[in-house]
Amino acid sequence: MQEAFLVFITKISLYPTIIFTGLVMFVTLYWVVSLLGMADMDTVELGDSGDSGDSGGDADVANLSSTGFFTGLMLKFGLYGVPLIIILSLISLIGWLLSYLYTSFLHQYFDSGILYYLFGTGALVFVLVVSMWLTGLIISPIRKNIANTPKRNSSSNVGKIAVVRTLSVTDKHGEAVLNDGGAGLILKIRSDINDNSLKQGDKVVLVEYLDEANTYRVTPVKDK
């Protein structure tokens, strides 16, 4: 058992698997931090369906010349419309599995030297592309279901009281839970007060809905 574990550790530490091993560790840590309320998740907003009536919510990938390389690449593979951490998690897990298989069955023939890194780099690029492609296929139905779901009137929540779920709230970060009679809504919130006075468990009033950022500006509930 110990020997098998050591072999496993060795394989996931080899190039290029080590890169995806690091990514898996990063997203795992992020999920733990998020569950503890120390971070919030953002949805990748790429492209604009405008008023064309496209119910699928697919971004326009016909013309990528006006976008950055990274943004254009994500659009091309359909990596948008869901929280970025989910996309990274899927790419990391799929990439880790594929690169681990490569390390186990093919990479063993190259112990070191130029061929080791040459074939390893080629496998890294290939695995990354395949991982992004498969991730795009996986999230496609999720993205379309989200787009076809009737949106709540977010402005109607203004004036309601929510409870902070993150450790702090700033003008760039923060989440709160709003009791909607069900499981509760997790909302992104921002505060103009940057002295860390708002903390987990505090009650806040949703004073304004910021449509472009899909967030609420909040103020603390004053004690009577």
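Everything in this summary refers to the structure shown in the same document. Quick caveat: nothing in here was measured; it's all calculated off a predicted structure.

### Re helix α3 (residues 69-76)
Item 1. Of the positions making up α3, those classed as buried are Gly72, Met74 and Leu75. Down the axis of α3, the buried side of the element spans an arc of 160°, and every buried residue falls inside it. Exposed residues lying more than 90 degrees from the buried face of α3 are Phe69, Phe70 and Lys76.
Item 2. Where α3 is buried, its residues meet α4 (84-105).
Item 3. With its phi angle positive at about 75°, glycine 78 sits one or two positions after the end of α3.

### What to know about the nonpolar core
Item 1. Counting 14 residues, the largest nonpolar core has Ile189, Leu206, Tyr216 and Val218 as the members making the most contacts within it.
Item 2. For this core, the elements supplying multiple residues, two or more each, are β1 (161-164), β2 (175-178), β3 (185-190), β4 (203-210) and β5 (215-220).
Item 3. The residues contacting leucine 206, other than those within four sequence positions of it, are Asn157, Val158, Gly159, Lys160, Ala162, Leu178, Leu187, Ile189, Tyr216, Arg217 and Val218.

### A word on the packing of aromatic side chains
Aromatic rings considered in pairs are described by the distance between their centres and by the relative angle of their planes.
Item 1. Tallying each qualifying case throughout the model produces six aromatic pairs.
Item 2. Summarising the aromatic geometry, the rings of phenylalanine 8 and tryptophan 96 are spaced 6.1 Å apart at their centres and angled 65° between planes, so their arrangement reads as edge-to-face. Linking phenylalanine 8 in helix α1 (residues 2-12) with tryptophan 96 in helix α4, this pair joins segments that are 88 residues apart in sequence.
Item 3. When the ring of tyrosine 209 is compared with that of tyrosine 216, the centres are 4.9 Å apart and the planes differ by 50°; the resulting orientation is tilted.
Item 4. Judged by its relative accessible area of 18%, tyrosine 209 is buried.
Item 5. Looking at tyrosine 216, the relative accessible area reads 3%, which means it is buried.
Item 6. These aromatic residues form a ring-pair network of at least three members: Phe8, Trp96 and Tyr100.

### Some thoughts on unusual backbone geometry
Backbone geometry follows two general trends: most residues other than glycine have a negative phi, and most peptide bonds adopt the trans configuration.
Item 1. Cis rather than trans, the peptide bond between tyrosine 15 and proline 16 has omega equal to 10°.
Item 2. Secondary-structure assignment places proline 16 in the loop between α1 and α2 (17-35).

### Overview of the environment of isoleucine 18
Item 1. In this fold, isoleucine 18 is placed in helix α2.
Item 2. Among residues more than four places away in sequence, those in contact with isoleucine 18 are Ile12 and Ser13.

### Some words on the sheet that holds β5
Item 1. The mixed closed barrel is built from five strands, whose spatial order is β1-β2-β3-β5-β4. In this sheet, neighbouring strand axes are inclined to one another by 55° on average, regardless of whether the strands run parallel or antiparallel.
Item 2. Two strands pair when backbone bridges link them, and β3 and β5 are joined in this way by two bridges, in the parallel orientation. Bridge assignment links isoleucine 189 to a residue of β5, and that residue is tyrosine 216.

The rules behind the values
- Residues numbered from 1 in each chain as written.
- Predicted model: local features only at pLDDT ≥ 70, side-chain atom pairs only at ≥ 80, totals over all residues.
- Heavy atoms only, no water.
- Buried < 20%, exposed > 50% of the residue type's maximum accessible area, 1.4 Å probe, protein only.
- Helix = DSSP H or I, 4+ residues; strand = E, 2+ residues; numbered from the N terminus.
- Arc of directions from axis to C-beta.
- Contact = heavy atoms within 4.5 Å.
- Core = buried A, V, L, I, M, F, W, Y, C linked by side-chain atoms within 4.5 Å.
- Phe/Tyr/Trp six-rings, centres within 6.5 Å; stacked < 30°, edge-to-face > 60°.
- Pairing = 2+ DSSP bridges.
- Axes fitted to C-alpha atoms, helices over the stretch in contact; angles between N-to-C directions.

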